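# Coordinate analysis (summary)
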Amino acid sequence: MSSIKIECVLPENCRCGESPVWEEVSSSLLFVDIPARKVCRWNTLTKQLQRVTVDAPVSSVALRQSGGYVATIGTKFCALNWEDRSIVALATVDKDKKNNRFNDGKVDPAGRYFAGTMAEETAPAVLERHQGSLYSLFPDHQVKKYFDQVDISNGLDWSLDHKIFYYIDSLSYSVDAFDYDLQTGQISNRRSVYKLEKEEQIPDGMCIDVEGKLWVACYNGGRVIRLDPETGKTLQTVKLPVDKTTSCCFGGKDYSEMYVTSARDGLDSESLLRQPKAGGIFKITGLGVKGIAPYPYAG
Ligand SMILES: O=C(O)[C@H](O)[C@@H](O)[C@H](O)[C@H](O)CO
Ligand SMILES: [Zn+2]
């Protein structure tokens, strides 16, 4: 058994850190702070941190094959040029829902950018329900809508054979699976593969490892859990020194390290005293399992 080490590598005090993504070419971790409207890029070799501030809540960021990044900002899928900090909207969703914003997003193995929406929260997990939908942005910039009635659209990833799409609507306290058609980007046959235990709290961001097991960050649960989507069982629980763990990704050398984002918003002053690293970026080493590289948006 490997020995697990957890360190706060970046005390960034994110209000709501999210969407960690490893950029291999620069050994950097990308992430966002949603309400602070910031996209961050942290070079793990030079320790240089760069931030781009945008004009609306930014809920996810992803690599782009043609260079630069894509991000979900407000209700827009956008292209982000890091060099000149320019942002170009590629598509807008939920035009009839003025109180909505995008939440978590990730690129599928064919280069489509998936992201879902939610009503803006008045406090963490307090919001008008059933307002969100799940979308994807195809490489030709066309948007496909999959379903609506979502509460808090969150973690997403694909099985290693690309035949299953895993998805979390946080307030369902479930990790769901769909059959996935990589050729067409269609999903079908929704079912639950894991129900969260009470102490695990709210399922948030998610990523897959090389063994096809799912890692889910548990908001308010102060942990990431490793699940077997075939048996519906928890395989491992890794606790962190902050309650509001929001998302996770693999990165570092050969994707052998895990990065975890966290949030400060919603913690009272007493809780903040007990968890001064809330909002930081954490690195977990010694897990003994690797992850896979993120897919870049193909458009
Ligand atoms: O990080 C996110 O995905 C949401 O934007 C957050 O607001 C929390 O996760 C949510 O409050 C708990 O479900
Ligand atoms: Zn999330």
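Residues numbered from 1 in each chain as written. Chains lettered and ligands numbered in written order. Predicted model: local features only at pLDDT ≥ 70, side-chain atom pairs only at ≥ 80, totals over all residues. Heavy atoms only, no water.

## A word on the overall build of the chain
Check the secondary structure of the chain and you find 1 helix and 24 strands. The C-alpha radius of gyration of the chain comes to 17 Å, within 12% of the 19 Å expected for a compact globule of 299 residues. Taking the principal axes of its C-alpha atoms as reference, the chain extends roughly 45 × 45 × 40 Å. Counting the 299 residues in the chain, one finds 58% classified as buried. Intrachain contacts of the chain at a sequence separation of at least 6 include 49% that bridge at least 24 residues. For the chain, the accessible surface area stands at approximately 12300 Å², while carbon and sulfur atoms represent 46% of it. (Helix = DSSP H or I, 4+ residues; strand = E, 2+ residues; numbered from the N terminus. Rg over C-alpha atoms; globule rule 2.2 N^0.38 Å. Buried < 20%, exposed > 50% of the residue type's maximum accessible area, 1.4 Å probe, protein only. Contact = heavy atoms within 4.5 Å. Areas by Shrake-Rupley, 256 points an atom, 1.4 Å probe, with all protein chains shown as cover.)

## Description of the site of ligand 1
Around ligand 1, a shell composed of 14 residues is seen, among which Glu 18, Asn 103, Glu 121, Asn 154 and Asp 204 lie nearest. One of the side-chain N or O atoms of Arg 101 is found 3.0 Å from an oxygen atom in ligand 1. Between ligand 1 and Asp 204, the relevant distance is 2.6 Å, taken from an oxygen atom to a side-chain nitrogen or oxygen of the residue. Taken by itself ligand 1 offers 330 Å² of open surface, and the protein chains cover 98% of this. Secondary-structure elements contributing two or more residues to the shell around ligand 1 are strand 10 (100-107) and strand 18 (202-208). The class makeup of the residues in the shell around ligand 1 is 7 nonpolar, 3 polar and 4 charged. (Near = heavy atom within 4 Å. Polar contact = N/O pair within 3.5 Å; in protein donor to acceptor, adjacent residues only side chain to side chain. Nonpolar A, V, L, I, M, F, W, Y, C, P; charged D, E, K, R; others polar.)

## Things to note about the coordination of the zinc ion (ligand 2)
At the metal site, the zinc ion (ligand 2) is ligated by Glu 18 (OE), Asn 154 (OD1) and Asp 204 (OD), and these contacts range over 1.9 to 2.1 Å. In this structure, the zinc ion (ligand 2) is surrounded by 4 donor atoms whose angles at the metal cover 86 to 169°, and the resulting shape is irregular. Every donor residue of the zinc ion (ligand 2) comes from the same chain, spaced as E-x135-N-x49-D. Taken as a pair, Glu 18 in strand 2 (residues 17-23) and Asp 204 in strand 18 lie far apart in primary sequence, 186 residues in all. Glu 18 gets classed as buried once you look at its relative accessible area, which sits at 2%. (Donors = N, O, S within 2.8 Å, 3.2 Å for Na, K, Ca; no water. Tetrahedral: all angles 85-135°; square planar, octahedral: opposite > 155°, others 65-115°.)

## Brief notes about the packing of aromatic side chains
Applying the stated criterion across every chain yields a total of 18 aromatic pairs. Geometrically, the ring pair formed by Tyr 69 and Trp 82 is edge-to-face, given 5.6 Å between the ring centres and 85° between the ring planes. Taken together, the residues Tyr 69 in strand 7 (residues 69-73) and Trp 82 in the loop between strand 8 (76-81) and strand 9 (86-92) connect sequence positions 13 residues apart. With respect to class, Tyr 69 is no different from Trp 82; both count as buried. Ring plane angle 35° and centroid distance 5.2 Å describe the contact between Trp 158 and Phe 165, whose orientation is recorded as tilted. The same class applies to Trp 158 as to Phe 165, namely buried. An aromatic cluster is present here, built from Phe 114, Tyr 146, Phe 147, Trp 158, Phe 165, Tyr 167, Phe 178 and Tyr 180 joined pairwise through their rings. (Phe/Tyr/Trp six-rings, centres within 6.5 Å; stacked < 30°, edge-to-face > 60°.)

## Let's talk about the sheet that holds strand 15 (residues 164-169)
Pairing is antiparallel across the open sheet formed by 4 strands, whose spatial order is 14-15-16-17. Looking at strand neighbours, the two that pair on one side only are strand 14 (153-158) and strand 17 (186-195), the edges of this open sheet. Averaged over all pairs of adjacent strands, the angle between their axes in this sheet comes to 25°, without regard to strand direction. With 4 bridges connecting them, strand 14 and strand 15 associate as antiparallel partners. By the bridge assignment, Leu 156 is partnered in strand 15 with Tyr 167. (Pairing = 2+ DSSP bridges. Axes fitted to C-alpha atoms, helices over the stretch in contact; angles between N-to-C directions.)

## A word on the UniProt feature "active site" (unreviewed entry) in the chain
Listed under "active site" (unreviewed entry) in the UniProt record, and renumbered for this structure, are Asp 204. Beyond its immediate stretch of four places on either side in the chain, Asp 204 contacts Glu 18, Asn 154, Gly 155, Ile 168, Ser 170, Val 216, Ala 217, Tyr 219, Thr 245 and Thr 246. (UniProt positions renumbered as here; feature names shortened; annotations may be inferred.)

## Thoughts on the state of the cysteines
Covalent bonding between the sulfur atoms of two cysteines is what defines a disulfide. Overall, the coordinates contain 0 disulfides when judged by the stated rule. Summary of cysteine pairing: Cys 78 is not part of a disulfide, and the nearest cysteine sulfur, belonging to Cys 40, is at 16 Å. Look at Cys 78 and you get buried, because its relative accessible area is 4%. A disulfide-free cysteine, Cys 248 has its sulfur positioned 3.9 Å from the sulfur of Cys 207, the nearest such atom. (Disulfide = S-S within 2.5 Å.)

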